[in-house]
Amino acid sequence: MFDDGLTVVSKRDDPNYSQISGHIPNEMAKQFKIACTVRGVSHSDGLEQAIAIWLAQDKAKEMIEE
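Residues numbered from 1 in each chain as written. Predicted model: local features only at pLDDT ≥ 70, side-chain atom pairs only at ≥ 80, totals over all residues. Heavy atoms only, no water.

Comments concerning the overall build of the protein chain
No. 1: Along its length, the protein chain carries 2 helices and 0 strands.
No. 2: In the form shown here, the protein chain has an accessible surface area of approximately 6,200 Å², with 57% of it arising from carbon and sulfur atoms. (Helix = DSSP H or I, 4+ residues; strand = E, 2+ residues; numbered from the N terminus. Areas by Shrake-Rupley, 256 points an atom, 1.4 Å probe, with all protein chains shown as cover.)

Section: the layout of surface pockets
No. 1: Empty space within the largest pocket amounts to approximately 990 Å³.
No. 2: Lining the largest pocket are 27 residues, with Phe 32, His 43, Ser 44, Leu 47 and Glu 48 positioned closest to its centre.
No. 3: Elements with a contribution of two residues or more to the lining of the largest pocket: helix H1 (26–39) and helix H2 (43–65).
No. 4: Looking at the lining of the largest pocket residue by residue, the classes come out as 12 nonpolar, 10 polar and 5 charged. (1 Å grid on protein atoms, 1.4 Å probe; cavity = no way out; pocket = protein on both sides within 12 Å on 5 of 7 lines; lining within 4 Å. Points joined across faces, edges and corners; volume = space filled by probe spheres on them. Nonpolar A, V, L, I, M, F, W, Y, C, P; charged D, E, K, R; others polar.)

Here we look at the pattern of salt bridges
No. 1: One pass over the full model with this rule turns up 2 salt bridges.
No. 2: Note that Asp 45 and Lys 11 form a salt bridge whose closest N and O atoms lie 2.3 Å from each other. Of the two residues, Asp 45 sits in helix H2 while Lys 11 sits in the segment before H1, which places them 34 residues apart along the sequence.
No. 3: Its relative accessible area of 29% is what places Asp 45 among the partly exposed residues.
No. 4: Exposure remark for Lys 11: the relative accessible area of 26% places this residue in the partly exposed category.
No. 5: Lys 11 is the salt-bridge partner of Glu 48, the closest N and O atoms lying 3.2 Å from each other. Of this pair, Glu 48 sits in helix H2 while Lys 11 sits in the segment before H1, placing them 37 residues apart in sequence.
No. 6: A relative accessible area of 41% places Glu 48 in the partly exposed class. (Salt bridge = Lys/Arg side-chain N within 4 Å of Asp/Glu carboxyl O. Buried < 20%, exposed > 50% of the residue type's maximum accessible area, 1.4 Å probe, protein only.)

See the structure below:
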């Protein structure tokens, strides 16, 4: 991410991002790392995409149940 076009700001230093962690099965972690590598995305970006999809599905489910 670029701040003013001159300074590179990492997500770690960006106040708009938070770090999360958890434990998943080893095989799932391995598959996730391979999928990120194949797609050419960082683990952080892959996790962000996965969570966005999960939240969208969860929201859709809530709307159906209403």
